[in-house]
Amino acid sequence: MTDTSAAHGVGMVGYAFMGRVHSQAWRSVGAFFDLPVTPVMAALSGRSGDRTAAAAASLGWAAVETDWKDLVARDDVQIVDICTPGDSHAEIAIAALEAGKHVLCEKPLANTVAEAEAMVAAAERAAARGVRSMVAFNYRRVPAVALARQWVAEGRLGRLRHVRAQYLQDWIVDPQFPLVWRLQKDKAGSGALGDIGSHIVDTAQYITGQSLTGVSAITETFVKERPLAEESAGLAADASEGAGETGTVTVDDAALFLGRFSGGAVGSFEATRFASGRKNAMRIEVNGELGSLAFDFESMNELWFHDHTLAAEEAGFRRVLVTESGHPYAGAWWPPGHGLGYEHTFTHEVKDFLEAIGEGTDPAPSFADGLRVQRVLEAVADSAANDSRWTPIP
């Protein structure tokens, strides 16, 4: 059983979409996993006192702060969970690490490479004092994605040749959808590229065990002016009542790029929030000399596998239902065939983070992994801004 004497207070900054799913993870993780430390939901921070108090009461947080600096300074907070837009990640994370607090930070790690580099430097200094940090790429924790990585590492696909990765959504197809923060560069850093493209970059590098070394890209903004937003929460928003008031969209709506991997494979990537009918289609296919794997998050409990060593008469893709007790993470939950959902990926994320804290090991993906993704995003943006010029990744 968990040693309750090893309690760690958690302070979370932000309570909207990501704050809600992270709260669910902190609430449930101890009920399903035997942990070396016990998370205690100590405090929630948000700018509005009334709204933060209401969110804390609903989500299970014991106290409220309206300034994240006060949350970081609390003696009962040992872990800081950052669920804010990207423009504040660096400042909060660096302050928390310097205060000796473990940090879990939502993706992408930052809005710029310079910010990400500063965060990595702070994480390295903190690690020397036993303080841990991790960036929250939750799709690594889908059992089927973790199984795909395992099979690639075991050589089931042989030498990798081609990766296809897509992240397709449709929540801003309507040109009257308001100008929320995700459509503003100063807050989000980039559009589909950073919001969902960062996920497929990390997932592709995670499954293959290889890094992208260069890209050629195009980006496009289809709707350049939108109504101002009155209210927004998660991926929903209401337009301002001011008649005809609009603002400029300053991020990309879609990003497409080709890339080369360090192990010799080539890849194609597509991130768009204009794929009507696609709600959350995070897809990846990996082709190797001995076989192929394919995954689509809209069928998240399934992994498709083709064994190319079989005779043509019996070869073909077969569906693997990744709910068996021997599959990654799945054994902690329900009987085989009883699928998991989106929220479970965050519970697995928190579980891995707490285990690293308790065992004194470095969790993954690290801030350095987040910086690696940030460098890919910057190379994509640079390539797109320069007529798709081939752009190496440092």
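Within each chain, residues carry numbers counting from 1 in the order of the written sequence. Only residues with pLDDT of at least 70 get local features here, since the model is predicted, and only at 80 or more are side-chain atom pairs given and counted; chain-wide, interface and lining totals rely on the full set of residues. Hydrogen atoms and water are omitted, and side-chain values are computed over all heavy atoms in the structure.

Going by the annotation in an unreviewed UniProt entry, the name recorded for the chain is Gfo/Idh/MocA family protein, with Sphaerisporangium rhizosphaerae given as the source organism.

## A word on helix H2 (residues 49-59)
When accessible area is computed with a 1.4 Å probe and restricted to protein chains, residues below 20% of their type maximum are described as buried, those above 50% as exposed, and intermediate ones as partly exposed. Working definition: helices are DSSP H or I runs of at least four residues, strands are E runs of at least two. Numbering for both runs from the N terminus. For H2, the set of buried residues is Thr52, Ala55, Ala56 and Leu59. Along the axis of H2, the buried positions cluster into a sector of 100°, meaning they face one direction only. Exposed positions of H2 whose direction lies more than 90 degrees from the buried face are Asp50, Ala57 and Ser58. This arc is taken over the directions from the axis of the helix to the C-beta atoms.

## Regarding the pairing of strand E8 (residues 212-220)
One ladder, built from eight bridges, connects E8 with strand E13 (residues 254-261); its direction is antiparallel. Pairing of valine 215 across the sheet is with glycine 259, part of E13. As paired elements, E8 and strand E19 (residues 391-392) share two bridges and run antiparallel to each other. Note on E19: the bridge partner recorded for glycine 214 is proline 392. When DSSP finds two or more bridges between a pair of strands, those strands are recorded as paired.

## Details of the side chain of glutamine 210
With respect to the helices, strands and loops of the structure, glutamine 210 is situated in the loop between helix H8 (192-208) and E8. Judged by its relative accessible area of 13%, glutamine 210 is buried. For this analysis, a polar contact is any N or O atom pair within 3.5 Å, provided that within protein one partner can donate a hydrogen and the other can accept it, and provided that sequence-adjacent residues contribute only side-chain to side-chain pairs. Among the polar contacts made by the side chain of glutamine 210, one reaches the main-chain amide nitrogen of glycine 263 at a distance of 2.9 Å.

## Side note on the packing of aromatic side chains
Aromatic rings considered in pairs are described by the distance between their centres and by the relative angle of their planes. Only the six-membered ring of Trp is used, alongside the rings of Phe and Tyr, when aromatic pairs are assigned; centres must lie within 6.5 Å, and planes under 30 degrees apart are stacked while those over 60 apart are edge-to-face, with the rest tilted. If you walk through the whole model with that rule in mind, you get 14 aromatic pairs. Aromatic side chains phenylalanine 33 and tryptophan 333 sit 6.0 Å apart centroid to centroid with 80° between the ring planes, which places their arrangement in the edge-to-face category. Taken together, the positions of phenylalanine 33 in the loop between helix H1 (17-32) and strand E2 (38-45) and tryptophan 333 in the loop between strand E18 (318-321) and helix H9 (342-359) put the pair 300 residues apart, joining distant regions of the chain. Exposure remark for phenylalanine 33: the relative accessible area of 10% places this residue in the buried category. A relative accessible area of 11% places tryptophan 333 in the buried class.

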